[in-house]
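Here is what each chain is made of, one letter per residue.
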Amino acid sequence: MSTVSTALSRNRPLQAFLYVLAWTALGTMAASQSVITYALQGDQPPVWLIFKLTMPIWYTWAALTPVIFLAAHRFPLRGAGWATHLPAHVALNLTMLLVSGGIEIGVRALLGFPVPNVQAALAGNIQVSVLTYWTVLWVAHGLAYYRESQARMVRTAELTAQLSKARLEALRAQLHPHFLFNTLHAISAFIREEPEKAEVMLAELGELLRAAMDAANEPTVPLSREMEHIDRYLSIQKSRLGDRLHVEVDVSPDLGDARVPNLLLQPLVENAVEHGISNRLGEGWLWIRGSRENGSLCLEVEDDGPGLPDEKLDPANWRVGLRNTRDRLAQLYGPQQRFELVNSDNGGLKVRVLIPLDPSD
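Residues numbered from 1 in each chain as written. Predicted model: local features only at pLDDT ≥ 70, side-chain atom pairs only at ≥ 80, totals over all residues. Heavy atoms only, no water.

Undergrad: Explain the packing of aromatic side chains to me, please; I cannot follow it from the model alone.
TA: Where two aromatic rings form a pair, the distance of their centres and the angle of their planes describe that pair. Tallied over the entire structure, the rule returns four aromatic pairs. A ring pair is formed by Trp23 and Trp58, whose centres lie 6.2 Å apart and whose planes are at 40 degrees; its orientation type is tilted. Placement of the pair is Trp23 in helix α2 (residues 12-40) and Trp58 in helix α3 (residues 47-74), with a sequence separation of 35 residues. The class for Trp23 is buried, based on a relative accessible area of 7%. Taken together, a centroid distance of 6.0 Å and an interplanar angle of 15 degrees make the contact between Trp285 and Trp287 stacked. By relative accessible area, which is 15% here, Trp287 ends up buried. (Phe/Tyr/Trp six-rings, centres within 6.5 Å; stacked < 30°, edge-to-face > 60°. Helix = DSSP H or I, 4+ residues; strand = E, 2+ residues; numbered from the N terminus. Buried < 20%, exposed > 50% of the residue type's maximum accessible area, 1.4 Å probe, protein only.)

Undergrad: Would you take a moment to explain the pattern of salt bridges for this structure?
TA: Side chains that differ in sign of charge can pair as their charged atoms come close. Within this structure, the stated rule accounts for eleven salt bridges. Salt-bridge contacts for Glu300 lead to Arg289; the nearest nitrogen and oxygen are separated by 3.2 Å. Of this pair, Glu300 sits in strand β5 (residues 296-303) while Arg289 is found in strand β4 (residues 284-293), placing the two residues eleven residues apart along the sequence. Classification of Glu300 by relative accessible area gives buried; the value is 14%. Note that Asp327 is salt-bridged to Arg326, the shortest N-O span being 3.1 Å. Residue Arg326 is classed as partly exposed on the basis of its relative accessible area of 26%. (Salt bridge = Lys/Arg side-chain N within 4 Å of Asp/Glu carboxyl O.)

Undergrad: Teacher, can you tell me more about the pairing of β4 here?
TA: In summary, the side chains of a regular strand alternate between the two faces of the sheet. Where strand β2 (residues 245-251) meets β4, seven bridges bridge the pair, whose relative direction is parallel. Across the sheet, His246 pairs through a bridge with Trp285, a residue of β4. Bridging between β4 and β5 involves eight bridges; their strand directions are antiparallel. If you follow Gly290 over to β5, its bridge partner there is Leu299. Taking the residues that link successive antiparallel strands as the turn, the β4-β5 hairpin has two residues, and the phi of Asn294 there is positive, at about 55 degrees. (Pairing = 2+ DSSP bridges.)

Undergrad: I would appreciate a short explanation of the side chain of Glu226 in the present structure.
TA: Position of Glu226 relative to the elements: it lies in helix α8 (residues 223-241). Buried within the structure, Glu226 lacks any salt-bridge partner; Arg328 is the closest side chain of opposite charge, at an N-O distance of 6.9 Å. A polar atom in the side chain of Glu226 sits 3.0 Å from the backbone nitrogen of Leu263. A polar atom in the side chain of Glu226 sits 2.8 Å from the backbone nitrogen of Leu265. Leave out the neighbours within four places in its chain, and Glu226 touches Val221, Val260, Pro261, Asn262, Leu263, Leu264, Leu265 and Gln266. (Lys, Arg positive; Asp, Glu negative; His and termini not counted. Polar contact = N/O pair within 3.5 Å; in protein donor to acceptor, adjacent residues only side chain to side chain. Contact = heavy atoms within 4.5 Å.)

Undergrad: Mind showing me how you'd approach the packing of α8 against helix α9 (residues 265-276) here?
TA: To describe two helices that pack against each other, one gives the angle between their axes and the distance between the axes. One way to put it is that α8 packs onto α9 with a least axis distance of 10 Å and a crossing angle of 20 degrees. The orientation of α8 relative to α9 falls into the category roughly parallel. When you trace α8 past α9, the crossing you get is right-handed. Together, Glu226, Met227, His229, Ile230, Tyr233, Leu234, Gln237, Arg240 and Leu241 of α8 and Leu265, Gln266, Val269, Glu270, Val273 and Glu274 of α9 make up the contact between the two elements. (Axes fitted to C-alpha atoms, helices over the stretch in contact; angles between N-to-C directions. Parallel < 35°, antiparallel > 145°, perpendicular 65-115°, else oblique. Left-handed = near helix turned anticlockwise from the far one by under 90°.)

Undergrad: Help me out: how do you make sense of helix α11 (residues 320-333) in this one?
TA: Since the α-helix turns once every 3.6 residues, residues separated by three or four places project in the same direction. With 14 residues, α11 should cover 20 Å at 1.5 Å per step; its first-to-last C-alpha distance of 20 Å lies within 8% of that length. Phi turns positive one or two residues past the end of α11, at Gly334, with a value near 60 degrees. (Expected span 1.5 Å × (residues − 1).)

Undergrad: What should I look at first to understand the nonpolar core in this one?
TA: Side chains of nonpolar character tend, in soluble globular proteins, to be buried together. Ranked by size, the top nonpolar core spans 45 residues in total, and within it Val269, Leu286, Leu297, Phe339 and Leu341 carry the most contacts. For this core, the leading source of residues is α8, giving seven residues. Membership of the second largest hydrophobic core comes to 15 residues, among which are Trp58, Met96, Tyr133 and Leu137. (Core = buried A, V, L, I, M, F, W, Y, C linked by side-chain atoms within 4.5 Å.)

Undergrad: Would you mind going over unusual backbone geometry with me for this structure?
TA: Peptide bonds are, in most cases, trans, and in most cases residues other than glycine have a negative phi. Despite not being glycine, Leu263 shows a phi value in the positive range, around 60 degrees. On the secondary structure map, Leu263 appears in the loop between β3 (259-261) and α9. Overall, Leu263 belongs to the buried group, its relative accessible area being 3%. Even without glycine at this site, Asn294 takes up a positive phi of about 55 degrees. Here Asn294 lies in the loop between β4 and β5. Accessibility expressed as a relative area gives 80% for Asn294, which makes it exposed.

Structure, rendered in structure tokens:
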């Protein structure tokens, strides 16, 4: 079925043929009804003349239908403003009644039939006009709702795929051989000299990986839980890097219930540690901030590393993890979110995330 629908959507001549065929069928049914009515009254129905009188009226409605669809799009009869749009449709229906009445007068004149006056022509067409207009309008709204429903389904599927991709990227980063090798190497070094520290590191690593795997069940989590995940990651990195890594966290306590995408901060913090601090010989600072900003949640991850050259700040040149985070936020929040990379005043890189703040979500 989907293959047929796809083929039909791409074949304009076939669409036009089926469209005309549908209106021809409606006109045929209307003309046949008139023929049957004549026959039931005991008259000899002029079949061919009835068809010649009826079909132009229905082809006129075929030509007017795209106008009704445009009116349905421009003045939808749904939502809060439907009542203000209703007069526009009434006016358009009356206009089309005049058009169909004029077509009937013209057709009768061409065929040599007695030409009714305007009032009689309108009276004869009012029932068909009202019924046809509002039926087509209902169909237009139904198709619009169907398209929107399909678009929502596609968007949901894309979001699900994007979330899965982001989770896989985050998990892959945590399972990256370089990260695991350094962590396990540090654990092995502490086993004899500082066994308690090695035990803590191993427990933190296990919790870190478990949290990443559990992320598949929760697209969003409270910010407090996200920060717990970051604390575990930083605990491992502090054990590895020692006094070389300094972290300052400034997140407003009242933001703990705010919902954020699961594993949102992990790739941002990892980039800051790996590219801004761990590759340096000296000490490095990492700042994580969370605050309210004009009714939104503002999250910042900043380091004092070398920063990025201007061309690397261009979104087209971002690394995979950053692109995935940007795309994920766009899918979740649309135009209500912002994701920015800038070189900070201290020479390092600052990543800034702005998302809707709705703790009740």
